[in-house]
Amino acid sequence: MKFLKLENNDELQANLFSFAIHLALFLVMIFSVGWQTKTPYYGEVELWDSVPVQKKINKTQATPKKKLNKNKLLRYRNLLKQKQK
């Protein structure tokens with residue numbers, strides 16, 4: 001008899017279906033969230049008495065390049081042109 005009331009009453013069906021869906025979503029949310037609290041990870045730190053000092057590197061002066069005179073430059077250009085042909 002009660003089952004017949006459920007079949008004929010659309011509002012009651014909609015309300016029960018809505019309640020069932022909301023209950024299912026609530027249960028999924030409860031079980032999917034990780035409720036465990038984890039202790040945060042803290043990194044380790046080394047303590048020094050003083051800051052390490054870097055050694056200064058002496059830069060050696062680069063020897064200046066020899067300047068090519070015009071004749072050598074012209075010969076070099078001519079050689080390159082001949083190789084390209």
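It should be emphasised that the depicted structure is a prediction, and the values quoted were computed from it without experimental measurement.

Participant: Where do I start with the overall build of the protein in this structure?
Facilitator: From N to C terminus, the protein includes three helices and zero strands. Within the protein, buried positions represent 0% of all 85 residues. Approximately 10300 Å² of the protein is accessible, and the part contributed by carbon and sulfur atoms is 60%.

Participant: Looking at this structure, I do not really get helix α2 (residues 10–32). What am I missing?
Facilitator: Residue pairs spaced three or four apart in an α-helix point in one direction, given the helix's 3.6 residues per turn. With 23 residues, α2 should reach 33 Å at 1.5 Å per residue; the first-to-last C-alpha distance of 33 Å fits that figure. For α2, the side-chain oxygen to backbone nitrogen distance between the N-cap and E11 is 3.4 Å, and the N-cap itself is N9.

Participant: Explanation requested: the confidence of the model for the protein in the structure shown.
Facilitator: Any region with low pLDDT has predicted coordinates that should not be read closely. Confidence in the prediction of the protein, expressed as mean pLDDT, is 79, and 79% of residues score 70 or more. Within the protein, the element-level pLDDT minimum falls on helix α1 (residues 2–8), averaging 65, and the maximum on α2, averaging 91.

Participant: What exactly am I supposed to notice about helix α3 (residues 70–84) here?
Facilitator: Along its 15 residues, α3 runs 21 Å from first to last C-alpha, staying within 8% of the 21 Å computed at 1.5 Å per residue. Little of α3 sits out of view: just zero of its 15 residues are buried.

Participant: Explanation requested: a nonpolar patch on the surface in the structure shown.
Facilitator: Together, F19, L23, F26, L27, M29, I30, F31, V33 and W35 make up an exposed nonpolar region whose accessible area comes to about 990 Å². By the element assignment, I30 lies in helix α2.

Rules used throughout
- Residues numbered from 1 in each chain as written.
- Predicted model: local features only at pLDDT ≥ 70, side-chain atom pairs only at ≥ 80, totals over all residues.
- Heavy atoms only, no water.
- Helix = DSSP H or I, 4+ residues; strand = E, 2+ residues; numbered from the N terminus.
- Buried < 20%, exposed > 50% of the residue type's maximum accessible area, 1.4 Å probe, protein only.
- Areas by Shrake-Rupley, 256 points an atom, 1.4 Å probe, with all protein chains shown as cover.
- Expected span 1.5 Å × (residues − 1).
- Polar contact = N/O pair within 3.5 Å; in protein donor to acceptor, adjacent residues only side chain to side chain.
- pLDDT = per-residue confidence, 0-100.
- Patch = residues over 30% accessible without salt bridge, like charges linked within 9 Å, V, L, I, M, F, W, Y side chains within 5 Å.
- Salt bridge = Lys/Arg side-chain N within 4 Å of Asp/Glu carboxyl O.

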